[in-house]
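Analysis of the macromolecular model
Each chain is listed here by its residues.
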Amino acid sequence: MEAKPFSDISYEQFLNEEKLMGSRCKKCGALYVPPRAICIKCYGSDMEWVEMKGKGKLAAFTVISIGPPFMIEEGYDRKNPYCSGVVELEEGARVDARVEGVDTTKPETIKIGTPVAVEFLHRGEGEKMRTFLAFKAS
Ligand SMILES: [Zn+2]
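Residues numbered from 1 in each chain as written. Predicted model: local features only at pLDDT ≥ 70, side-chain atom pairs only at ≥ 80, totals over all residues. Heavy atoms only, no water.

1. Observations regarding the sheet that holds strand S1 (residues 21-25)
- Strands sit in the order S2-S1-S3 across an open sheet of 3 strands; the sheet is antiparallel. The open sheet terminates on both sides in strands that have one partner only, identified here as strand S2 (31-32) and strand S3 (47-51).
- Inspection of the sheet shows S1 paired to S2 by 2 bridges, in the antiparallel sense. Counterpart to Ser 23 in the pairing with S2 is Tyr 32. (Pairing = 2+ DSSP bridges. Helix = DSSP H or I, 4+ residues; strand = E, 2+ residues; numbered from the N terminus.)

Right, here's the structure in full:
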């Protein structure tokens, strides 16, 4: 596992295995999710994999009515918008993810600071399987 490069491809492979992984700079302790190979704080390149517990708080969100084609295929549109957000993980890193369990038809009811827990949304089969990171309001 430690041999995997600190790349988006590795990150997505871990998501397929239902693991939310980030990289931590061994020099200054900065944490990145998705992982970075080079620390943007100290420019160190000595990174290690860290698995996130998958709990956090909603830090920002947007309700999207017109999404990319794969979201339209899933049935999201103006009448059924979806929520995209930024989650601040307990470990301190911030990650972009889909937000589930909120009423997207009433965005005013969605609150910053809501506790959320990770969910892995698998789409497609076998080689074509992709996993989307989501967080569900608890
Ligand atoms: Zn660093």
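2. Regarding the pattern of salt bridges
- In the structure shown here, the tally under the stated rule is 9 salt bridges.
- Here Lys 19 and Glu 17 are joined by a salt bridge, their closest N and O atoms 3.9 Å apart.
- For Glu 17, a relative accessible area of 44% corresponds to the partly exposed category.
- The network of salt bridges with common partners includes Glu 74, Arg 98 and Arg 123. (Salt bridge = Lys/Arg side-chain N within 4 Å of Asp/Glu carboxyl O. Buried < 20%, exposed > 50% of the residue type's maximum accessible area, 1.4 Å probe, protein only.)

3. Comments concerning the coordination of the zinc ion
- Coordination of the zinc ion by the protein involves Cys 25 (SG), Cys 28 (SG), Cys 39 (SG) and Cys 42 (SG), with metal-donor separations of 2.3 to 2.4 Å.
- Taken together, the 4 donor atoms surrounding the zinc ion define angles of 100 to 115° at the centre, an arrangement classified as tetrahedral.
- Classification of Cys 25 by relative accessible area gives buried; the value is 1%. (Donors = N, O, S within 2.8 Å, 3.2 Å for Na, K, Ca; no water. Tetrahedral: all angles 85-135°; square planar, octahedral: opposite > 155°, others 65-115°.)

4. A few points about the pairing of strand S7 (residues 115-123)
- Of the pairings in the sheet, the one linking strand S4 (residues 55-64) to S7 comprises 3 bridges and is antiparallel in character. Paired with Gly 56 across the two strands is Val 116, which belongs to S7.
- Inspection of the sheet shows S7 paired to strand S8 (residues 130-137) by 8 bridges, in the antiparallel sense. Its bridge partner lying in S8, His 122 is registered against Thr 131.
- Hairpin connection, S7 to S8: the antiparallel pair is bridged by 6 residues, and Gly 124 has positive phi, about 80°.

5. Structural notes on the layout of surface pockets
- A volume near 340 Å³ is recorded for the largest pocket.
- If you go around the largest pocket, you meet 15 residues; those closest to its centre are Phe 70, Ala 97, Arg 98, Phe 132 and Leu 133.
- Top element by residues in the lining of the largest pocket is S8. It accounts for 4 residues.
- Of the residues assigned to the lining of the largest pocket, the class counts are 9 nonpolar, 2 polar and 4 charged. (1 Å grid on protein atoms, 1.4 Å probe; cavity = no way out; pocket = protein on both sides within 12 Å on 5 of 7 lines; lining within 4 Å. Points joined across faces, edges and corners; volume = space filled by probe spheres on them. Nonpolar A, V, L, I, M, F, W, Y, C, P; charged D, E, K, R; others polar.)

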